[in-house]
Amino acid sequence: VDLATGQMVQTLRGFQYVVDDLAFIPGSANMLVRENGGATSVWDTASGQKLRDLGQTDAIAVAPDGRLAAAMRESTIVRWQTSDWAEMPPLPTTAAITMALAATPTLRNQTRLAFAPDSRRLLALGGTDLVVWQMDGTAVPVLLPFSGRLGKVAFAPNGATLATAGFDMRLWDLASGAVRQRQIASVPAFAFSPDGATMWLTVRGSGSNDELRVLDIASGQMRPLPQTPAPGNLAFSPAGSSVVARDDNIKQWDATTGALLREFEARPTLSGALSGVAGGSTPMFSPDGRLLAAGVDEQVRVWDAATGQELRRFVHPSSMSRVQQVLFSPDSTLVASLALDSVILREVDSGREQRQLRLSDPQRFFSSIAFSPDGTLLAAGTYLNGDPSGTSELKVWEVATGRELATFAGHTEAVFSVAFSPDGRLLASASADGTVRIVGR
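How each quantity is defined
Residues numbered from 1 in each chain as written. Predicted model: local features only at pLDDT ≥ 70, side-chain atom pairs only at ≥ 80, totals over all residues. Heavy atoms only, no water. Helix = DSSP H or I, 4+ residues; strand = E, 2+ residues; numbered from the N terminus. Buried < 20%, exposed > 50% of the residue type's maximum accessible area, 1.4 Å probe, protein only. Contact = heavy atoms within 4.5 Å. Areas by Shrake-Rupley, 256 points an atom, 1.4 Å probe, with all protein chains shown as cover. Core = buried A, V, L, I, M, F, W, Y, C linked by side-chain atoms within 4.5 Å. Phe/Tyr/Trp six-rings, centres within 6.5 Å; stacked < 30°, edge-to-face > 60°. Pairing = 2+ DSSP bridges. pLDDT = per-residue confidence, 0-100. Axes fitted to C-alpha atoms, helices over the stretch in contact; angles between N-to-C directions. Salt bridge = Lys/Arg side-chain N within 4 Å of Asp/Glu carboxyl O. Lys, Arg positive; Asp, Glu negative; His and termini not counted. Polar contact = N/O pair within 3.5 Å; in protein donor to acceptor, adjacent residues only side chain to side chain. Arc of directions from axis to C-beta.

Trainee: Can you help me understand the overall build of the protein chain in this one?
Mentor: Check the secondary structure of the protein chain and you find two helices and 39 strands. Residues classed as buried in the protein chain amount to 49% of the 441 residues present. Within the protein chain, counting contacts between residues at least 6 apart in sequence, those at least 24 apart form 38% of the total. Accessible surface computed for the protein chain: about 19,800 Å², of which carbon and sulfur atoms make up 51%.

Trainee: Explain the nonpolar core here, please?
Mentor: Among soluble globular proteins, nonpolar side chains are generally buried collectively. Counting residues in each nonpolar core, the largest one holds 18 residues, and the members touching the most others are Ile 77, Leu 101, Leu 113, Phe 115, Leu 122, Ala 124 and Trp 133. Only strand 5 (59-62), strand 6 (68-73), helix 1 (95-102), strand 9 (113-115), strand 10 (121-126) and strand 11 (129-134) provide two or more residues apiece to this core. Here this core takes three residues from strand 6, the largest share from any one element. Residues Ala 336, Val 343, Leu 378 and Ala 380 belong to the second largest nonpolar core, which totals 15 residues.

Trainee: I would appreciate a short explanation of the packing of aromatic side chains in the present structure.
Mentor: Geometrically, a pair of aromatic rings is defined through the distance of the ring centres and the angle of the planes. Tallying each qualifying case throughout the model produces seven aromatic pairs. With a centroid separation of 6.4 Å and 70 degrees between ring planes, the pair formed by Phe 190 and Phe 192 is classed as edge-to-face. Taken individually, Phe 190 and Phe 192 each receive the classification buried, so the pair is uniform in this respect. Aromatic ring contacts, followed pair by pair, group Trp 200, Phe 236 and Trp 253 into a single cluster.

Trainee: Would you explain the sheet that holds strand 26 (residues 291-296) in this entry?
Mentor: The pairing of strands in a sheet happens through backbone hydrogen bonds and is either parallel or antiparallel. Reading across the sheet, the four strands line up as 25-26-27-28 and stay open at both edges, with antiparallel pairing between neighbours. Only two strands of the sheet have a single partner each, and these edge strands are strand 25 (284-285) and strand 28 (310-315). The pairing of strand 26 with strand 27 (residues 299-304) spans six bridges and is antiparallel. In the sheet register, Gly 295 faces strand 27, and the bridge partner there is Val 300.

Trainee: Help me out: how do you make sense of the pairing of strand 23 (residues 250-254) in this one?
Mentor: For a regular strand, side-chain orientation follows a simple rule: the groups alternate between the two sheet faces. Strand 23 sits mainly inside the fold: four of its five residues count as buried. Examined bridge by bridge, strand 22 (residues 242-246) and strand 23 share five bridges and lie antiparallel to one another. Paired with Val 243 across the bridge in strand 23 is Trp 253. Counted between consecutive antiparallel strands, the loop separating strand 22 from strand 23 contains three residues. Between the antiparallel neighbours strand 23 and strand 24 (residues 260-264) lie five residues, among them Gly 258 with a positive phi of about 80 degrees.

Trainee: How do you make sense of the confidence of the model for the protein chain when you look at a structure like this?
Mentor: Regions with low pLDDT carry predicted coordinates that are not meant to be interpreted in detail. Model confidence for the protein chain is summarised by a mean pLDDT of 82, while 86% of its residues fall at 70 or above. Ranking the elements of the protein chain by mean pLDDT puts helix 2 (residues 270-275) last, at 64, and strand 31 (residues 342-347) first, at 95.

Trainee: I would appreciate a short explanation of the sheet that holds strand 36 (residues 404-409) in the present structure.
Mentor: Overall, antiparallel pairing links the four strands, which are arranged 33-34-35-36 in an open sheet. Sheet topology places strand 33 (364-371) and strand 36 at the edges, where each strand pairs with a single neighbour. When the angles between neighbouring strand axes are averaged without regard to direction, this sheet yields 25 degrees. As defined by bridge partners, strand 34 (residues 377-384) adjoins strand 35 (residues 393-398) across six bridges and the pair is classed as antiparallel.

Trainee: Any chance you could explain the environment of Gly 280 here in plain terms?
Mentor: Structurally, Gly 280 is set in the loop between helix 2 and strand 25. We classify Gly 280 as partly exposed; its relative accessible area is 26%. Expressed as a C-alpha distance, the spacing of Gly 280 and Val 296, which sit 16 residues apart in the sequence, is 4.5 Å. For Gly 280, the residues in contact, after removing those within four places along its chain, are Arg 246, Gly 295, Val 296, Arg 322 and Val 323.

Trainee: When you look at the pattern of salt bridges in this model, what are you seeing that I'm missing?
Mentor: Between side chains of opposite charge, a pair can form when the charged atoms approach closely. All chains considered together, the criterion is met by 13 salt bridges. Notably, a salt bridge pairs Arg 67 with Asp 65, separated by 3.1 Å at the nearest N-O pair. The exposure class assigned to Arg 67 is exposed, which follows from its relative accessible area of 61%. Arg 358 serves as the salt-bridge partner of Asp 341, at 3.8 Å between the closest nitrogen and oxygen. Taken together, the positions of Asp 341 in the loop between strand 30 (334-339) and strand 31 and Arg 358 in the loop between strand 32 (353-357) and strand 33 put the pair 17 residues apart, joining distant regions of the chain. One connected set of salt bridges, linked through shared partners, spans Arg 364, Glu 393, Lys 395 and Glu 404.

Trainee: It is not clear to me how the side chain of Arg 262 should be interpreted in this structure. Could you clarify?
Mentor: With respect to the secondary-structure elements, Arg 262 resides in strand 24. We note that Arg 262 is buried and unpaired, the nearest opposite charge coming from Asp 304 at a distance of 7.2 Å. Within polar-contact distance, the side chain of Arg 262 engages the backbone oxygen of Ala 306 at 2.8 Å. Polar side-chain contacts of Arg 262 include one of 3.4 Å to the backbone oxygen of Thr 307.

Trainee: What is the right way to look at helix 1 in this model?
Mentor: Residues that lie three or four places apart on an α-helix share one face, since the helix turns once every 3.6 residues. Taken as a whole, helix 1 has its buried residues at Ile 97, Ala 100 and Leu 101. One side of helix 1 carries all its buried residues, which in axial view fall inside an arc of 95 degrees. Opposite the buried face of helix 1, at more than 90 degrees from it, the exposed residues are Ala 95, Met 99 and Ala 102.

Okay, structure coming up:
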């Protein structure tokens, strides 16, 4: 599908079973496809032709730089060079790793194979273990055992450190497999600074509440912050100079000193409570770092991120819900707000409503939104009210005109997150049905 026009570009036919997984090959028109049952093949999306069969696999992944593809095959990791699809020698393994890869993942439909963002490492999930290989073959694979099921995994910006959150939070050195930090929290939350020098995280305090700490990655030293209880959903500003999070209010800290800079008034209002739409959304920085916005009951509030001064306050009329998400356009000139029954786009400077998007089916609700990198498109996840097993849809609109360009079906439960690829050519949706679907042009 061409995301800009919504036109169907190509249909791939000839699969024997339902397609379970697929991955585009960056820099080419090729796609890696895995069917239910394991049959894996390479397709040319321009011509619609199958290029070659790769045999049976249990999971697939493609490196972000597009040079390598990998697959799990009977507890072994095989690789191909995507330039000619020549199969490379299997990655080294051990008896313990073979046992780990043979184990059942801890979540249904969980991704079992993934490259690091820099394409230099490959991760495989088996049971309650992560296995990490270096793609240059200079080191033996590392086995990382974790506790419980994983809720979050994130690479540090340098790619050498991995953070996992399950029943505890662990910071792993990927070269040695050593656990550099292990912390317990009621609700594990963490965020790496953009330069990778520090991590902000929640840890179990002396009482029943979690506390917020700042970890120096190089030294392993951790310093406490005086504010308790610790809020969730930590987020760094684009420049990495401050951190924001929400509990009752929105708080902003200096990322270097840990000093509390200010609080943004974002408590639920009496009118919100009386109308049944009390609550707030996660705060979001504008891409240029100048502004901060959040939903407060039925309102959208915009602040100056440097001074804390409230600049704008918009009302998002909705009889269905509070404002559940706010999002700036890539050029920071528009702010979009989402309620269950509508999405409203406003000009930040003037406050003028530019566009209101609604769904033709009154029983279908919005769940999440995302701008394309160039700001010309807006994508939204939707679901059917009262029918969690009903078909969810992903929709794409043209921002300038409000014209609906495309609708994609396939998820069986609500879509809770949508995201465009950095080049705007791919659109991914994650659903409560345990799957991630990718469409593109």
